[in-house]
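Working through the structure, step by step
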Amino acid sequence: MTQPQLKVSAAIAEHLGDRSEQQDRVAIVTSERNPGAVLAIVADGMGGRTGGRMASDQVVSTATNLFKELSERDTSLSALLRQMATEAHTVIRLSALSSEKEPHSTMAALIVKRDFAIWAHAGDSRLYLCRAGRVIHRTIDHTVASQLTSEGRHAEAEVAAQHYKNVLFSALGIRHELKIDIDETRDLRVGDAFLLASDGLWGYFEDTEIAAVLDRMPPREASKQLVKSARERAAGRGDNLSLAIVKLEAPLEVPKFPVPELQAN
């Protein structure tokens, strides 16, 4: 039997925070060529006032255009996510403005279709997968601190987390080699919820808080609550913040109508 189409409920939110310019970009996109597929993406631009926004705009624009060209016969979604990242990375590198700092952007992107989800990230924008009030998966930030931790250099990682917490070793447009992490699941269930967020949002929450909010609230209300709490906790010193929430609900039931019996003449 064909896997029933889970109903997708989604919302996005962004806030300027206490900055003078908004350099985050967030979008949720559907495609007429691939009914039932949904793309969610968050990009956090950096590198000067115009450079950061240019970079995040490029990430979302490239991802949206490639996703809308996707047809139902295109099966390699991992290749598509990698193409989104590498094409945006190339354009950002070519568009670097000499008068600005080096422009670059994070990327967290998710594609959901039926009971399948696949995601990619570069930088420190995160993806969380929550189930029944728990975070069951979270992406690992591409920061110097996380890299040192993965190498077992915990003392150095603690220092880096305190003094260099925003230093990235991978992001789109960066001079170094681009690292893209891709993961997937074929075990989606009713009630599962994804959060994609820039560090201006997730930096104010423990995993348990995020999971609890996504579990008890629909996406629109959850996004409002997370933004409200982040702004309160920022106490006037908050960064740009952006988020996308995708939550899976029970499949829509097709109404059944009684078929009248034919009477023989």
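For clarity, every value in this text was computed on a predicted model and none was experimentally measured. Residue numbers restart at each chain and count upward from 1, following the sequence in its written direction. Predicted model: local features are reported for residues with pLDDT of at least 70 only, side-chain atom pairs are reported and counted for 80 or more only, and whole-chain, interface and lining totals are derived from all residues. The basis for every side-chain value is the complete set of non-hydrogen atoms in the structure, without hydrogens or water.

A separate point is the overall build of the protein. Assigned secondary structure in the protein consists of 7 helices and 11 strands. The buried share of the protein, taken over its 265 residues, is 47%. Contacts in the protein between residues far apart in sequence, at least 24 positions, make up 72% of those at least 6 positions apart. Only the protein chains shown count as cover for residues, with accessible areas throughout obtained via the Shrake-Rupley method and a probe of 1.4 Å. Accessible surface, the protein as shown: approximately 14000 Å² in total, 49% of it carbon and sulfur. Numbered from the N terminus, helices here are DSSP runs of H or I no shorter than four residues, and strands are runs of E no shorter than two. Under the scheme applied here, a residue whose accessible area is under 20% of the maximum for its type counts as buried, over 50% as exposed, and between as partly exposed, the area being computed with a 1.4 Å probe on protein chains only. The contact rule is simple, with two residues in contact once any of their heavy atoms fall within 4.5 Å.

All right, on to the nonpolar core then. To qualify as a nonpolar core, a set must consist of buried Ala, Val, Leu, Ile, Met, Phe, Trp, Tyr and Cys residues joined through side-chain atoms within 4.5 Å. Among the nonpolar cores identified, the biggest contains 30 residues, and Phe67, Met84, Ile111 and Leu172 are the most heavily contacted of them. Of all the elements in the fold, those that place two or more residues in this core are β2 (24-30), β3 (38-46), α1 (49-68), α2 (77-94), β5 (107-113) and β6 (116-122). In terms of residue count, α2 provides more of this core than any other element does, 7 residues in total. For Leu172, the contacting residues outside a window of four places in its chain are Val59, Ala85, Ala88, His89, Ile92, Pro103, His104, Ser105, Met107, Ala122 and Leu178. Grouped together as the second largest cluster of nonpolar side chains are 21 residues, Ala193, Ala211, Met217 and Leu226 included.

Here a strand pair is declared whenever DSSP counts at least two bridges between the two strands. Taken together, the 5 strands give an open sheet; going across it, the order is β1-β11-β10-β7-β8, and neighbouring strands pair in antiparallel fashion. Of all the strands in the sheet, the pair left with one neighbour each is β1 (7-15) and β8 (134-138). The mean inter-strand angle of the sheet, taken between neighbouring strand axes irrespective of direction, is 20°. Angular values range over 0 to 180 degrees, each being the angle between N-to-C directions of two axes fitted as lines to C-alpha atoms, with helices fitted over their stretch in contact. Sheet strands in contact with helix α6 (residues 207-216) are β7 (126-131), β8, β10 (193-197) and β11 (241-249), and its direction is about 60° off that of β7. The sheet contacts of helix α7 (residues 219-234) involve β1, β10 and β11, and relative to β11 the element is tilted by about 150°.

Right, let's talk about the packing of aromatic side chains for a bit. When two rings of Phe, Tyr or Trp (its six-membered ring) have centres within 6.5 Å they constitute a pair, described as stacked for plane angles under 30 degrees, edge-to-face for angles over 60, and tilted for the intermediate range. Per the counting criterion, the structure on display carries 1 aromatic pair. When the ring centre of Trp202 is taken as origin, the NZ or CZ atom of Arg126, which lies over that ring, is 3.4 Å away. Two conditions define a charge located above a ring, namely a distance within 6 Å from the ring centre to NZ of Lys or CZ of Arg, and an angle within 35 degrees of the ring normal.

Salt bridges are counted wherever a side-chain nitrogen of Lys or Arg sits within 4 Å of a carboxyl oxygen of Asp or Glu. Enumeration over the complete set of coordinates arrives at 16 salt bridges. In this structure, the salt-bridge partner of Asp192 is Arg131, at a minimum N-O distance of 2.8 Å. Taken together, the residues span a long stretch of sequence, with Asp192 in the loop between β9 (181-185) and β10 and Arg131 in strand β7 at a distance of 61 residues. Residue class for Asp192 comes out buried when judged on its relative accessible area of 1%. Since its relative accessible area comes to 15%, Arg131 is described here as buried. Each of Arg131, Asp187, Arg189 and Asp192 takes part in salt bridges that share partners, so that together they form one network.

Of the strand pairs in this sheet, β7 and β8 are connected by 4 bridges, and their pairing is antiparallel. Directly across from Arg131, in β8, lies its bridge partner Arg134. Hairpin connection between β7 and β8: a loop of 2 residues separates the two successive antiparallel strands, and Ala132 in this loop has a positive phi of roughly 55°.

Such coordinate-based values are descriptive only and should not be taken to indicate function.
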